[in-house]
Amino acid sequence: MRSSLARALVATSAVVGIAAGGLAGASASVAASQPVTKPAVSSERVSPLAVNNLGLDTARAKNWQSCLNAWGFNAGTEDGQLGTNSWKAAQRMLNAWGYNAGTVDGIVGTNTIRALQNFLNAVGENAGTADGIAGPQTRSAFWNYNATGC
């Protein structure tokens, strides 16, 4: 009788073990089959080719490009799309006029925005505190400044 009982216990243990192992394996295979998701754009990399009109429509962006070109900073084609060339020109202008936009790279970063805010405040547009954030007040001042050409 002992051997029958022992065999039954061993068999039951084996079945439970196989079932548990099968479930564990199924769980692992389901977890492994799900794709790893990655963000489409890294927050560490900013594409300098992106257009950033800071709230300007095409006509007002063309006015800004026209001014940059008239002042000799070469914004390129006046197409109303403030891309890399336009922002490099703006950075050159802001640096030349003492507003410290930093590196001329065409990326609209904190230094560029702070310099633009200081410029806008100096010409009588109220861009608010020069904090490097292109908020509603900065965008409104930039909009107003570019209502007409220079």
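For clarity, every value in this text was computed on a predicted model and none was experimentally measured.

Peer 1: Tell me about the overall build of the protein chain, residues and numbers included.
Peer 2: The secondary structure content of the protein chain amounts to five helices and zero strands. Along the chain direction, N to C, the helices and strands of the protein chain fall in the order α-α-α-α-α. Residues classed as buried in the protein chain amount to 27% of the 150 residues present. For the protein chain, long-range pairs separated by at least 24 residues make up 37% of all intrachain contacts whose partners lie at least 6 apart in sequence. When the accessible surface of the protein chain is summed, it comes to about 9200 Å², and 57% of that surface belongs to carbon and sulfur atoms.

Peer 1: Residues and numbers for the packing of aromatic side chains, please.
Peer 2: Inspection of every chain in the model, using the stated rule, returns ten aromatic pairs. Between tryptophan 87 and phenylalanine 142 the ring centres are 6.2 Å apart and the planes differ by 35°, which places this aromatic pair in the tilted class. Of this pair, tryptophan 87 sits in helix 3 (residues 84-96) while phenylalanine 142 sits in helix 5 (residues 136-145), placing them 55 residues apart in sequence. Comparing tryptophan 87 with phenylalanine 142 shows no difference in burial state: the two are buried. Between the aromatic rings of tryptophan 97 and phenylalanine 119, the centroid separation amounts to 6.1 Å while the plane-to-plane angle is 40°, which identifies the pairing as tilted. With tryptophan 97 in the loop between helix 3 and helix 4 (110-122) and phenylalanine 119 in helix 4, the pair connects residues that are 22 residues apart, well separated along the chain. Feature note: the residues Trp64, Trp71, Phe73, Trp87, Trp97, Tyr99, Phe119, Phe142 and Tyr145 constitute an aromatic cluster, connected by ring pairs.

Peer 1: Describe the packing of helix 4 against helix 5, naming the residues involved and giving the relevant values.
Peer 2: At a minimum axis distance of 10 Å, the contact between helix 4 and helix 5 shows a crossing angle of 55°. Comparing the axis directions of helix 4 and helix 5 gives the class oblique. In terms of crossing hand, the pair formed by helix 4 and helix 5 is left-handed. Residues Leu116, Gln117, Phe119 and Leu120 of helix 4 form the contact with helix 5, whose participating residues are Thr138, Ala141, Phe142 and Tyr145. Per-class residue counts for the contact of helix 4 with helix 5 are six nonpolar, two polar and no charged.

Peer 1: With reference to specific residues and values, describe the nonpolar core.
Peer 2: Among the nonpolar cores identified, the biggest contains 23 residues, and Trp64, Leu116, Leu120 and Phe142 are the most heavily contacted of them. Elements that contribute at least two residues to this core include exactly helix 2 (58-70), helix 3, helix 4 and helix 5. Beyond its immediate sequence surroundings of up to four residues, leucine 120 is in contact with Glu125, Ala127, Thr138, Ala141, Phe142 and Tyr145.

Peer 1: Quick one: what's the story with unusual backbone geometry, residue by residue and with numbers?
Peer 2: Even without being glycine, asparagine 74 reaches a positive phi, approximately 50°. Along the polypeptide, asparagine 74 turns up in the loop between helix 2 and helix 3. Unusually for a residue other than glycine, asparagine 100 sits at a positive phi of about 55°. Structurally, the position occupied by asparagine 100 is in the loop between helix 3 and helix 4.

Definitions and limits used
Residues numbered from 1 in each chain as written. Predicted model: local features only at pLDDT ≥ 70, side-chain atom pairs only at ≥ 80, totals over all residues. Heavy atoms only, no water. Helix = DSSP H or I, 4+ residues; strand = E, 2+ residues; numbered from the N terminus. Buried < 20%, exposed > 50% of the residue type's maximum accessible area, 1.4 Å probe, protein only. Contact = heavy atoms within 4.5 Å. Areas by Shrake-Rupley, 256 points an atom, 1.4 Å probe, with all protein chains shown as cover. Phe/Tyr/Trp six-rings, centres within 6.5 Å; stacked < 30°, edge-to-face > 60°. Axes fitted to C-alpha atoms, helices over the stretch in contact; angles between N-to-C directions. Parallel < 35°, antiparallel > 145°, perpendicular 65-115°, else oblique. Left-handed = near helix turned anticlockwise from the far one by under 90°. Nonpolar A, V, L, I, M, F, W, Y, C, P; charged D, E, K, R; others polar. Core = buried A, V, L, I, M, F, W, Y, C linked by side-chain atoms within 4.5 Å.

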